[in-house]
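Structure at a glance
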Protein chains: 2
Amino acid sequence: MTAQPFPVSEIVASRRPHRKDAARNYDALLAAAREAFAEHGSEASLEDVARRAGVGIGTLYRNFPTRRHLFESVYAGEVNDLCRFAEEVTGQEPWEALASWLRRFVDYTVTKRAIREALDGESEIFLACRESMYAAGAPLFERAQGAGQARRDIAFDDLLRMVAGITATNFLDDAQRDRVLSVALDGVRAAR
Amino acid sequence: MTAQPFPVSEIVASRRPHRKDAARNYDALLAAAREAFAEHGSEASLEDVARRAGVGIGTLYRNFPTRRHLFESVYAGEVNDLCRFAEEVTGQEPWEALASWLRRFVDYTVTKRAIREALDGESEIFLACRESMYAAGAPLFERAQGAGQARRDIAFDDLLRMVAGITATNFLDDAQRDRVLSVALDGVRAAR
DNA sequence: ATTGAAACGGAGGGTTGCCTCCGCCACAGT
DNA sequence: ACTGTGGCGGAGGCAACCCTCCGTTTCAAT
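These lines cover the structure that appears in this document, whether it is placed above or below.

**What about the protein's contact with DNA strand D?**
Not every one of the 22 residues close to DNA strand D is listed here, only the nearest: Y61 of chain A together with N25, G58, T59 and R62 of chain B. When the atoms of DNA strand D within 4 Å of the protein are grouped by moiety, sugar and phosphate amount to 61% of the total. G56 of chain B places a polar main-chain atom, nitrogen or oxygen, 3.1 Å from a phosphate oxygen of DNA strand D. At 2.7 Å from a phosphate oxygen of DNA strand D is found a side-chain nitrogen or oxygen belonging to R62 of chain B. Listing elements by their share of the surface near DNA strand D, those giving two or more residues are helix 2 (20-40), helix 3 (46-53) and helix 4 (57-63) of chain A together with helix 2 (20-40) and helix 4 (57-63) of chain B.

**A closer look at the relation of the copies chain B and chain A**
The operation relating chain B to chain A is a screw motion whose rotation component is 179 degrees, with 0.0 Å of axial translation and a residual RMSD of 0.1 Å. Such values leave the two copies arranged in the relation of a two-fold axis. In terms of C-alpha distance to the rotation axis, chain B has G187 of chain B as its closest residue, with the C-alpha 1.9 Å off the axis. Take the interface residues of chain B: 100% of them recur as interface residues in chain A, which is what a same-surface contact looks like.

**Digging into the interface of chain B and chain A**
The partner chain A presents 24 residues to the 24 residues of chain B that form the contact. Carbon and sulfur atoms make up 57% of the surface buried where chain B meets chain A, a total of about 2,200 Å² over both sides. Between chain B and chain A we count four salt bridges in total. One salt bridge connects R179 of chain B with D158 of chain A, and the closest N-O pair in it is separated by 2.8 Å. Linking chain B to chain A there are 10 residue pairs in polar contact (both at pLDDT 80 or more). Within the residue set of the side of chain B that touches chain A, elements represented by two or more residues are helix 9 (156-167) and helix 10 (174-188) of chain B. Sort the elements by how many residues they give to the side of chain B that touches chain A and helix 10 of chain B lands first, with eight residues. Of the residues belonging to the side of chain B that touches chain A, the class tally is 10 nonpolar, five polar and nine charged.

**Some words on the protein's contact with DNA strand C**
Surveying the vicinity of DNA strand C reveals 20 residues, the closest of which are N25, G58, T59 and R62 of chain A together with Y61 of chain B. The sugar-phosphate share of atoms of DNA strand C within 4 Å of the protein amounts to 61%. E47 of chain B has a polar side-chain atom sitting 3.0 Å from a base nitrogen of DNA strand C. Elements with a minimum of two residues in the surface near DNA strand C: helix 2 and helix 4 of chain A together with helix 2, helix 3 (46-53) and helix 4 of chain B. Here the element with the most residues in the surface near DNA strand C is helix 4 of chain A; it accounts for four residues. Residues that form the surface near DNA strand C fall into these classes: six nonpolar, six polar and eight charged.

**Examining the packing of aromatic side chains**
Tallied over the entire structure, the rule returns 17 aromatic pairs over all chains. Taken together, a centroid distance of 6.2 Å and an interplanar angle of 70 degrees make the contact between F71 of chain A and F126 of chain A edge-to-face. Separated by 55 residues along the polypeptide, F71 of chain A in helix 5 (residues 67-88) and F126 of chain A in helix 8 (residues 124-146) bring together distant segments of the chain. In this pair, the class of F71 of chain A matches that of F126 of chain A, namely buried. A centroid spacing of 6.3 Å and a plane angle of 0 degrees characterise the contact between F71 of chain B and Y75 of chain B, whose relative ring orientation is stacked. Pair noted here: F71 of chain B and Y75 of chain B are both in helix 5 (residues 67-88), with a separation of four residues, about one helical turn. You'll find F71 of chain B and Y75 of chain B in the same group, each marked buried. Taken together, the ring pairs connect W101, F105, Y134, F141 and F156 of chain A into an aromatic cluster. Note that R104 of chain A overlies the ring of F85 of chain A, its terminal NZ or CZ placed 4.5 Å from the centroid.

**Points about the nonpolar core**
W101, L159, M162 and L185 of chain A together with W101, L159 and M162 of chain B are the most contacted members of the largest nonpolar core, which totals 120 residues. If near-sequence neighbours (up to four positions away) are discounted, W101 of chain A is found in contact with L82, F85, A86, M133, A136, G137, L140, F156 and L160 of chain A.

**Considering the pattern of salt bridges**
Inspection of the entire model under this criterion finds 31 salt bridges over all chains. With its nearest N and O atoms 3.1 Å apart, the salt bridge here joins D48 of chain B to R52 of chain B. Of this pair, D48 of chain B and R52 of chain B both sit in helix 3, four residues apart, roughly one helical turn. Its relative accessible area of 28% is what places R52 of chain B among the partly exposed residues. A salt bridge links R161 of chain B to D157 of chain B; the shortest N-O distance between them is 3.0 Å. Of this pair, R161 of chain B and D157 of chain B are both found in helix 9, four residues apart, which corresponds to roughly one turn of the helix. Of the two residues examined, R161 of chain B and D157 of chain B, each falls in the buried class. When salt bridges that share partners are traced, they join E35, E39, D48, R51 and R52 of chain A into one network.

**A word on helix 8 (residues 124-146) of chain B**
Taking 1.5 Å as the rise per residue, helix 8 of chain B with 23 residues should run 33 Å; its terminal C-alpha atoms sit 32 Å apart, in good agreement. By the largest-angle criterion, G137 of chain B marks the main kink of helix 8 of chain B, which is about 30 degrees, and a proline, P139 of chain B, follows within four residues.

Conventions we followed
Residues numbered from 1 in each chain as written. Chains lettered and ligands numbered in written order. Predicted model: local features only at pLDDT ≥ 70, side-chain atom pairs only at ≥ 80, totals over all residues. Heavy atoms only, no water. Near = heavy atom within 4 Å. Polar contact = N/O pair within 3.5 Å; in protein donor to acceptor, adjacent residues only side chain to side chain. Helix = DSSP H or I, 4+ residues; strand = E, 2+ residues; numbered from the N terminus. Least-squares fit on C-alpha atoms with pLDDT ≥ 70 in both. Contact = heavy atoms within 4.5 Å. Buried area = accessible area lost by both parts, 1.4 Å probe. Salt bridge = Lys/Arg side-chain N within 4 Å of Asp/Glu carboxyl O. Nonpolar A, V, L, I, M, F, W, Y, C, P; charged D, E, K, R; others polar. Phe/Tyr/Trp six-rings, centres within 6.5 Å; stacked < 30°, edge-to-face > 60°. Buried < 20%, exposed > 50% of the residue type's maximum accessible area, 1.4 Å probe, protein only. Lys NZ or Arg CZ within 6 Å of the ring centre and 35° of its normal. Core = buried A, V, L, I, M, F, W, Y, C linked by side-chain atoms within 4.5 Å. Expected span 1.5 Å × (residues − 1). Bend = angle between axes of the 7 residues up to and from the residue.

Structure, rendered in structure tokens:
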């Protein structure tokens, strides 16, 4: 077992089938599931997912034996992207890097809806996702703290849940969501 | 049409039946619905609500012809309490009054879960609730702004949604929720 | 081109929830 | 106490969804 920085992608990608038609269906299912979960939460209808993907219900169950498998696959994919994004912000100033990364949540519709449940999920994959997100984000937070730009009396977990809560909420438009996120992040900045 | 400060209670209370057994069932249904909605969101099973209330499904539908009627009744009740609470905090300092009122959200499990949907709902009752909440809360916010204790570059609606998002999120415990809420509210305080 | 292995789709049986309808029962007014 | 009006509960028809199973189709290796 080699130490992977973000082991999540390995777990998930290994299940992608080899045959051409099968791989196409697998991708279509993931895309359809992402859509459906974003719209209806993790309780979305699996038959609806299959319909959206233009695929028989049997095909869905062959690729993802349970709802949990499907959900975790979608979720893990987004978490993985998010983790990789952390590498792209290391060039920025400490506070800016942290803020950029946190704002990235907003782009992940499934994660938004799921994060509240997932932060408490106890399956192997959810735990791996959590670990990955911490591995990716906590250093950014600590760097900002070290630079005197983020307050020291809260934990990274507090911060993550705060942002998750805000991004999971409906706003009038994206501008409002952004405004509110900025306000909340101002509360995280070190008092001057 | 007399101008009511909080017209919501009128709309809802008027539907309570007069006969003793009927009134008891009505109350039991509301209590059971509050519980069920808090647990499973506004999609909770109505048959489950009837079961919890120890009442036949027919009785539920007689009192609340649609799921929406039931949900709105529960929601309106909590909003109404919240509005009345605003009167109790007027003795406090401007910022403290606002903060106390906002923290009151945390106690309303249904409101918490529903607020995201309800803030965009367009039924008569949802609109009335929104109006009531604004009538109750906005003065507290404006008073804090007037006293130089709250920043002026955000709207009351922004604030409400921010708090709603945070309180609707799962936290490890109440202490964490409170901590996070404090951080976010620090962002609302006027910069010194 | 052939062919066997693998993937495909959807029929179908079971479950759960929605809502209506109606025979029975309890309350409140006399 | 009597009575009839209104409330009561839940059976039952309908729809959506879950998941399994299997006859048919498609792929890709030879």
